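# Structure assessment
What follows is each chain in one-letter form.
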Amino acid sequence: MTALEENWLPLSPGERAVAIEVLTHGPLSRGELARRLGLSAGSLTRLTKPLTESGLLVAEPAAATAGQGRPAQPLDVVADSRHFAGFKIAADAVYGVVTTLRSEVVTRCAVPLDTHEPDGVAALLAALTREFAASYPRLAGIGVGIAGPTRARGVVVANTFLGWADVPLADLVRARTGLPVVVDNDVTALAEAEAWFGGGRGLDRFALLTIGAGIGYALVVGGRPVRTGDAGRGIGRRWIVDPYGPLTPDGERGTAGALLGIPAICRQVHAATGQPATYPEVLARAAAGEPVASRVIGEAARALGVMVAQIAELALPQKILLAGEGVGLLDVAGDTVAATIRARRHPDADPVPLETGPHDFHGWARGAAVLAIQVLVLGAATP
């Protein structure tokens, strides 16, 4: 195998465009690919030749046709020619997956996080990577998703769960594995994955709203998340949904986090009943009509409806994706969410396409793996 076949790099801008189009929408005939990218047949041939020679793209067997002429041979990626490790770091556990080049999960794991020391966390990620590599020796990169803002797709600027500030996590993991490593905010990583391989694929503009321990938000325009320095800074702690709503431990009243965050929901039920309850238990009690749980879940559903309506009015998305461990709220109080959305929008406004996305931490880890896939295909960490 040549060095080019081993790395598939570097790719020119035109080659990247071809590779991404086939990766996210393939298999595609050369004619369809040329049409999508606005290329002549000659230009497409020039761009695809190094990609097929390197093994990144392959010509699929020609389909039998009843017409005249040579049958078309669609171009596709060799999905299992490389694998990628993705990790989601939570406060008490690390969730990992291995995916194919097309982000199909082939294995997963979840291990307790016994240390919050950066070196210890990096060592754990390296150990899990070695375990993955024993079964998938052609690991090509590592992606890590973590709550909080990041810098240069490698440094964790801040993470309240772990007590981190300015931790060069990518360098720590790279030094222990020898593989390319990219670290990014977990919501941004999930938005990248949904744009390339999920519910946002093919859309020019969509929004992602995540519900879990906190509230996350990302806006994707032109197929790419809008990146600002504020990503991961806890939008749910400042997004006022109901100024007369419940208080948070920080003293904020009626924020998205106070109404929708899983810890806040459980805390409200505990305070009202004197009995602790997990989030699934609260949902089950609400579904059964228990008054306290029904009230808390009803308020959360109305808050979600208000937020969706505001996003629809201000961001004008083609679709809004809901993800995270808290999306089970829709199963219990989806009618309340829908009624609140309608009440908060103009009667003649178009309906808001609302769709649920990944709801467990392995889905977030898959999002992180997509970061690594992007690094390989694009040739560098995406801006």
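### Here we look at the overall build of the protein
Helix and strand content of the protein: 13 helices and 15 strands. For 383 residues, the compact-globule formula gives about 21 Å, and the C-alpha radius of gyration of the protein, at 23 Å, lands near that figure. Each principal axis of the C-alpha atoms in the protein carries an extent, and together these give about 70 × 55 × 35 Å. Counting all 383 residues of the protein, 49% fall into the buried class. When the accessible surface of the protein is totalled, it reaches about 17000 Å², and 54% of it is carbon and sulfur. Here the protein contributes 34 positively and 37 negatively charged side chains, and the mean placements of these two sets differ by 4 Å.

### What to know about the sheet that holds strand β7 (residues 150-151)
In space, the three strands of this open sheet follow the order β7-β8-β9, with antiparallel pairing throughout. Either end of the sheet is taken by a strand with one partner, and the two such strands are β7 and β9 (164-167). In terms of strand pairing, β7 meets strand β8 (residues 155-159) through two bridges, oriented antiparallel. Within β8, the residue paired with T150 across the bridge is V156.

### What to know about helix α7 (residues 186-197)
Look at α7: 16 Å from first C-alpha to last across 12 residues, which is about the 16 Å you get at 1.5 Å a residue. Of all 12 residues that make up α7, 12 are buried, and the element is covered over most of its length. One side-chain oxygen at the N-terminal end of α7 lies 3.1 Å from the backbone nitrogen of V187; it belongs to N185.

### Focus on the layout of surface pockets
The volume enclosed by the second largest pocket comes to roughly 360 Å³. What lines the second largest pocket is a set of 19 residues, and nearest its centre among them are I20, W196, G222, G223 and R224. No other element matches the six residues that helix α2 (residues 13-25) contributes to the lining of the second largest pocket.

### Quick notes on the packing of α7 against helix α13 (residues 361-378)
Relative to each other, α7 and α13 sit at 70°, their axes nearing to 8 Å. On the basis of the axis angle, α7 is roughly perpendicular to α13. Contacts between α7 and α13 involve D186, V187, A189, L190, E192, A193, E194, W196 and F197 from the first element and G363, W364, R366, G367, A368, V370, L371, I373 and Q374 from the second. Of the residues contributing to the contact of α7 with α13, the split by class is 11 nonpolar, three polar and four charged.

### Description of the environment of I240
Position of I240 among the secondary structure elements: in the loop between β13 (224-225) and α8 (256-260). In sequence terms I240 and T255 are 15 residues apart; their C-alpha atoms lie 4.3 Å from each other. For I240, the contacting residues outside a window of four places in its chain are E252, R253, G254 and T255.

### Describing the sheet that holds strand β12 (residues 215-221)
Read from one edge to the other, the open sheet built from five strands follows the order β13-β12-β11-β14-β15, with strand pairing classed as mixed. Either end of the sheet is taken by a strand with one partner, and the two such strands are β13 and β15 (354-356). Relative to β13, β12 runs antiparallel, the two sharing two bridges. For V220, the partnering residue across the bridge sits in β13 and is P225.

Conventions used here
Residues numbered from 1 in each chain as written. Predicted model: local features only at pLDDT ≥ 70, side-chain atom pairs only at ≥ 80, totals over all residues. Heavy atoms only, no water. Helix = DSSP H or I, 4+ residues; strand = E, 2+ residues; numbered from the N terminus. Rg over C-alpha atoms; globule rule 2.2 N^0.38 Å. Buried < 20%, exposed > 50% of the residue type's maximum accessible area, 1.4 Å probe, protein only. Areas by Shrake-Rupley, 256 points an atom, 1.4 Å probe, with all protein chains shown as cover. Lys, Arg positive; Asp, Glu negative; His and termini not counted. Charge placed at Lys NZ, Arg CZ, Asp CG, Glu CD. Pairing = 2+ DSSP bridges. Expected span 1.5 Å × (residues − 1). Polar contact = N/O pair within 3.5 Å; in protein donor to acceptor, adjacent residues only side chain to side chain. 1 Å grid on protein atoms, 1.4 Å probe; cavity = no way out; pocket = protein on both sides within 12 Å on 5 of 7 lines; lining within 4 Å. Points joined across faces, edges and corners; volume = space filled by probe spheres on them. Axes fitted to C-alpha atoms, helices over the stretch in contact; angles between N-to-C directions. Parallel < 35°, antiparallel > 145°, perpendicular 65-115°, else oblique. Contact = heavy atoms within 4.5 Å. Nonpolar A, V, L, I, M, F, W, Y, C, P; charged D, E, K, R; others polar.

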